[in-house]
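Observations on chain architecture
Single-letter residue listing:
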Amino acid sequence: MEFDREEHNMVYYNQILRSDKKKKIKKKKKAQSFAKQEVNFKDYLYIPNGWEPILYTVYFVLIPYVTGAVFLFLTIAGADFANFKLLNMAAFFIVWIIGYEIVATIMLIGILIMFLKYDDEDD
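The notes below deal with the structure included here. None of the values given here were measured: they were computed from a predicted structure.

**Here's the deal with the overall build of the chain**
A count of helices and strands for the chain gives 4 helices and 0 strands. For the chain, the accessible area works out to roughly 10900 Å², and carbon and sulfur atoms hold 65% of it.

**A look at the nonpolar core**
Ranked by size, the top nonpolar core spans 7 residues in total: Tyr65, Ala69, Leu72, Ala77, Phe84, Val95 and Trp96. Of all elements in the fold, only helix H2 (52-76) and helix H4 (92-117) reach the threshold of two or more residues within this core. With 3 residues, the top contributor of residues to this core is H2. Val95 has contacts with Pro64, Tyr65, Gly68, Ala69, Leu72 and Met89, leaving out every residue within four places of it along the chain.

**Some points on H4**
When the terminal C-alpha atoms of H4 are compared, their 37 Å separation across 26 residues agrees well with the 38 Å that a helix rising 1.5 Å per residue should span. Looking at H4, one finds that the buried residues are Val95, Trp96, Gly99 and Val103. Against the buried residues of H4 lie H2.

**Quick word on a nonpolar patch on the surface**
Where nonpolar side chains cluster on the molecular surface, the patch consists of Trp51, Ile54, Val58, Leu62, Val66, Val70 and Leu74 and spans about 630 Å² of accessible area. Relative to the elements of secondary structure, Leu74 occurs in helix H2.

**Topic: the environment of Glu52**
Along the polypeptide, Glu52 turns up in helix H2. Apart from residues no more than four positions distant in its own chain, Glu52 is found in contact with Lys42 and Ile47.

**Brief notes about the layout of surface pockets**
There is about 840 Å³ of room inside the largest pocket. In terms of lining residues, the largest pocket is bounded by 22 residues, among which Val39, Phe41, Tyr44, Met107 and Ile111 are the most central. Contributions of two or more residues to the lining of the largest pocket are made by H2 and H4. Looking at the lining of the largest pocket, the element that brings in the most residues is H4, giving 7 residues. Split into classes, the residues belonging to the lining of the largest pocket amount to 17 nonpolar, 3 polar and 2 charged.

**A short note on H2**
With 25 residues, H2 should reach 36 Å at 1.5 Å per residue; the first-to-last C-alpha distance of 35 Å fits that figure. Where H2 is buried, its residues touch helix H3 (81-86) and H4.

**Comments concerning the packing of aromatic side chains**
This structure, assessed with the given rule, holds 9 aromatic pairs. Each ring, one from Phe34 and one from Phe115, has its centre 5.3 Å from the other, and the planes form 70°; the classification is edge-to-face. Of this pair, Phe34 sits in the loop between helix H1 (2-27) and H2 while Phe115 sits in helix H4, placing them 81 residues apart in sequence. Relative to Tyr118, the ring of Phe34 has its centre 5.5 Å away and its plane inclined at 65°; by these criteria the two rings are edge-to-face. With a gap of 84 residues between them, Phe34 in the loop between H1 and H2 and Tyr118 in the segment after H4 connect regions that are remote in the sequence.

**Examining the pattern of salt bridges**
The tally for this structure, following the rule as stated, stands at 1 salt bridge. Lys42 is paired through a salt bridge with Glu52; the nearest N and O atoms lie 3.0 Å apart. Separated by 10 residues along the polypeptide, Lys42 in the loop between H1 and H2 and Glu52 in helix H2 bring together distant segments of the chain.

About the thresholds
Residues numbered from 1 in each chain as written. Predicted model: local features only at pLDDT ≥ 70, side-chain atom pairs only at ≥ 80, totals over all residues. Heavy atoms only, no water. Helix = DSSP H or I, 4+ residues; strand = E, 2+ residues; numbered from the N terminus. Areas by Shrake-Rupley, 256 points an atom, 1.4 Å probe, with all protein chains shown as cover. Core = buried A, V, L, I, M, F, W, Y, C linked by side-chain atoms within 4.5 Å. Buried < 20%, exposed > 50% of the residue type's maximum accessible area, 1.4 Å probe, protein only. Contact = heavy atoms within 4.5 Å. Expected span 1.5 Å × (residues − 1). Patch = residues over 30% accessible without salt bridge, like charges linked within 9 Å, V, L, I, M, F, W, Y side chains within 5 Å. Salt bridge = Lys/Arg side-chain N within 4 Å of Asp/Glu carboxyl O. 1 Å grid on protein atoms, 1.4 Å probe; cavity = no way out; pocket = protein on both sides within 12 Å on 5 of 7 lines; lining within 4 Å. Points joined across faces, edges and corners; volume = space filled by probe spheres on them. Nonpolar A, V, L, I, M, F, W, Y, C, P; charged D, E, K, R; others polar. Phe/Tyr/Trp six-rings, centres within 6.5 Å; stacked < 30°, edge-to-face > 60°.

The following block contains the structure:
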């Protein structure tokens, strides 16, 4: 009689072990898609705590403007400072738009490269 009880307990114990294994398999983290990843700008830009709104605005204005000015200097002025001084740099918005388009293109190419390199099984 005692042997039957032990055997019954072992069967019950084995069922518990099997259900635990199934739970572990079900709990395995599902691979995250590329589009659902968290993006943190602090990984790409220097931003001290508490200065986020100010520095995001400065970066939003300054990076495209400088990029546009460098583009105009290299392409339109032919990398000649005398020709560059002849350009109307007072047209801030036009220079900013040129730089914005260049920065946006570079960022989209970077996102495409990251997407192509993304491997969801490394998570």
